[in-house]
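Examining the three-dimensional arrangement
Residue-level listing of the chains:
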Amino acid sequence: AYGATHGASDIHFDPREDFLMVRMRVDGDLRDYTKIEKIYERNLITRIKLLANMNITESRLPQDGAIKGTIKGIPMETRVSTLPTNEGEKCVIRILDYSRSLAGIDSLGFNEKNLEKLKKMIKEPNGIILITGATGSGKSTTLASNIRYVLENNTHIRGNILTHNEPIEYEYDAIESTHSIVSQSEIPNNFETFADANREAMRRRPAAVEIGELRDKETI
């Protein structure tokens, strides 16, 4: 609850020799939060894995899961990943705060000049916008806010908007739009790779495509 209400994008549980260090990423920086005694480490990580629907008997392989819920009235979804290390299982919880993207691009902290530039780019019917930055800097929230802006405003982008993500983090089903509809695909559930999804997208004459990650030359 503390991380969710204090602007943390990630919570890290880092096993050390004598304790479990809990750190939170705020505005891209990892900050020490607390130390947990080593005797509680296994029970805590097991509890998190249970909530995330992971295999609690497997501690030698990386795992991924998710936890959904509402914290202090804020609809929250998290992505959970575990990784075995020499000192124990490391766990990272990524917090997805939908309220930030719901508030729109005006609330993301852009200065007035850059906000106008961004809105102008979003309204263009052709071209490419690259959103880059460090982990936890707000790339996914900015992407989601851009799509919400297209759906909620009378832009030149009209028709089918395709999104490719691994995993899907923000969903747009609840947004009513008279001119566009969003079709979301998850990698690898719907397509094996981002490149596969992009090739298929070109056959569907999309108005716009959101690609969650540019991992290889073929995708680019």
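Let us look at the structure shown here.

Reading the values: rules and limits
Residues numbered from 1 in each chain as written. Predicted model: local features only at pLDDT ≥ 70, side-chain atom pairs only at ≥ 80, totals over all residues. Heavy atoms only, no water. Helix = DSSP H or I, 4+ residues; strand = E, 2+ residues; numbered from the N terminus. Buried < 20%, exposed > 50% of the residue type's maximum accessible area, 1.4 Å probe, protein only. Contact = heavy atoms within 4.5 Å. Areas by Shrake-Rupley, 256 points an atom, 1.4 Å probe, with all protein chains shown as cover. Lys, Arg positive; Asp, Glu negative; His and termini not counted. Charge placed at Lys NZ, Arg CZ, Asp CG, Glu CD. Pairing = 2+ DSSP bridges. Salt bridge = Lys/Arg side-chain N within 4 Å of Asp/Glu carboxyl O. Phe/Tyr/Trp six-rings, centres within 6.5 Å; stacked < 30°, edge-to-face > 60°. Lys NZ or Arg CZ within 6 Å of the ring centre and 35° of its normal. Patch = residues over 30% accessible without salt bridge, like charges linked within 9 Å, V, L, I, M, F, W, Y side chains within 5 Å.

1. Description of the overall build of the protein
Summing up its helical and strand segments, the protein has 6 helices and 9 strands in all. Dimensions of the protein, computed from C-alpha atoms along their principal axes, come out at roughly 60 × 40 × 30 Å. When burial is assessed residue by residue, the protein has 40% of its 220 residues classed as buried. For the protein, long-range pairs separated by at least 24 residues make up 43% of all intrachain contacts whose partners lie at least 6 apart in sequence. In the form shown here, the protein has an accessible surface area of approximately 13400 Å², with 48% of it arising from carbon and sulfur atoms. Where the 30 positive side-chain charges of the protein centre and where its 33 negative ones centre are 3 Å apart.

2. Concerning the pairing of strand β2 (residues 19–26)
Most of β2 is tucked away: 6 of the 8 residues are buried. Both strand β1 (residues 8–15) and β2 contribute to a ladder of 7 bridges, which runs antiparallel. Residue histidine 12 lies in a different strand from β2, and its bridge partner there is arginine 23. With antiparallel pairing between neighbouring strands as the criterion, β1 and β2 make up a hairpin whose turn holds 3 residues.

3. Looking at the pattern of salt bridges
Summed over the entire model, instances satisfying the criterion amount to 12 salt bridges. Among the charged side chains, a network of salt bridges with common partners joins Asp14, Arg23 and Lys90.

4. A word on the packing of aromatic side chains
Going through the model one piece at a time under the given rule, you end up with 0 aromatic pairs. Directly above the aromatic system of phenylalanine 19 lies the positively charged group of lysine 35, at a separation of 4.6 Å from the ring centroid.

5. Considerations on a nonpolar patch on the surface
A cluster of nonpolar side chains, namely Ile128, Leu130, Leu214 and Ile220, defines an oily patch on the protein surface of about 480 Å² accessible area. Taking relative accessible area as the criterion, leucine 130 reaches 58% and is therefore assigned exposed.

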